[in-house]
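The lines below spell out each chain.
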Amino acid sequence: MEEKACKNCRFIMKSHGDVCPLCGSNDLTTKWNGYIIVLNVEKSEIAKKLGLKVASTFALNIKT
Ligand SMILES: [Zn+2]
C-alpha cells in the first residue's frame, strides 16, 4: 500500500503529508491492509464498532 493510514483513527490519507487531517496525529503507517468506505456513519454498524465518526475511507487492519 502506498497510502498512509493513521494509527490513531484509521483514516487513509489521500494526499501526501505527515499529519492526519482528521485527528491531527502524526502516527502514520503504510503497513495496513483492507479498508472500509463509510458513506453513512449513522447507518454503518462497522463504523460504530470501529468508532468512526466521519464518512471517509478507513483502514481495517493496521500493523503496529
Ligand atoms: Zn487520525
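These figures come from a predicted structure and were not determined experimentally. (Residues numbered from 1 in each chain as written. Predicted model: local features only at pLDDT ≥ 70, side-chain atom pairs only at ≥ 80, totals over all residues. Heavy atoms only, no water.)

A.B. asks: It is not clear to me how the overall build of the protein chain should be interpreted in this structure. Could you clarify?
C.D. replies: Scanning the protein chain for helices and strands turns up one helix and four strands. In sequence order, the protein chain lays out its α and β elements as β-β-β-α-β. Relative to the 2.2 N^0.38 estimate, which gives 11 Å for 64 residues, the radius of gyration of the protein chain is 11 Å and therefore close to what a compact globule would have. Along the first, second and third principal axes, the C-alpha atoms of the protein chain reach 30 × 20 × 15 Å. Of all 64 residues assigned to the protein chain, the portion counted as buried reaches 33%. Counting only carbon and sulfur atoms, one obtains 50% of the accessible surface of the protein chain, whose full area is about 4,500 Å². For the protein chain, the distance from the average site of its 10 positive side-chain charges to the average site of its 6 negative ones is 5 Å. (Helix = DSSP H or I, 4+ residues; strand = E, 2+ residues; numbered from the N terminus. Rg over C-alpha atoms; globule rule 2.2 N^0.38 Å. Buried < 20%, exposed > 50% of the residue type's maximum accessible area, 1.4 Å probe, protein only. Areas by Shrake-Rupley, 256 points an atom, 1.4 Å probe, with all protein chains shown as cover. Lys, Arg positive; Asp, Glu negative; His and termini not counted. Charge placed at Lys NZ, Arg CZ, Asp CG, Glu CD.)

A.B. asks: Quick question: what am I supposed to make of the pattern of salt bridges here?
C.D. replies: Oppositely charged side chains can pair when the atoms bearing their charge come close. Following the criterion strictly, the structure yields two salt bridges and no others. A salt bridge links lysine 4 to aspartate 18; the shortest N-O distance between them is 3.4 Å. Note that lysine 4 is positioned in the segment before strand E1 (5-6) and aspartate 18 in the loop between E1 and strand E2 (28-29), a separation of 14 residues in sequence. Residue lysine 4 is classed as partly exposed on the basis of its relative accessible area of 29%. (Salt bridge = Lys/Arg side-chain N within 4 Å of Asp/Glu carboxyl O.)

A.B. asks: When you look at the coordination of the zinc ion in this model, what are you seeing that I'm missing?
C.D. replies: Reference geometry at the metal: tetrahedral coordination by four donors gives ideal angles of 109.5 degrees; octahedral coordination by six donors gives 90 or 180 degrees. Note on the zinc ion: its protein donors are Cys6 (SG), Cys9 (SG), Cys20 (SG) and Cys23 (SG). The metal-donor distances range over 2.2 to 2.3 Å. Angles of 104 to 114° at the metal separate the four donor atoms of the zinc ion, which places the site in the tetrahedral class. Counting along the primary sequence, the residues that act as donors to the zinc ion give the motif C-x2-C-x10-C-x2-C. Residue cysteine 6 is found in strand E1, and its partner cysteine 20 is found in the loop between E1 and E2; the two are separated by 14 residues along the sequence. Cysteine 20 shares its class with cysteine 6; the two are buried. (Donors = N, O, S within 2.8 Å, 3.2 Å for Na, K, Ca; no water. Tetrahedral: all angles 85-135°; square planar, octahedral: opposite > 155°, others 65-115°.)

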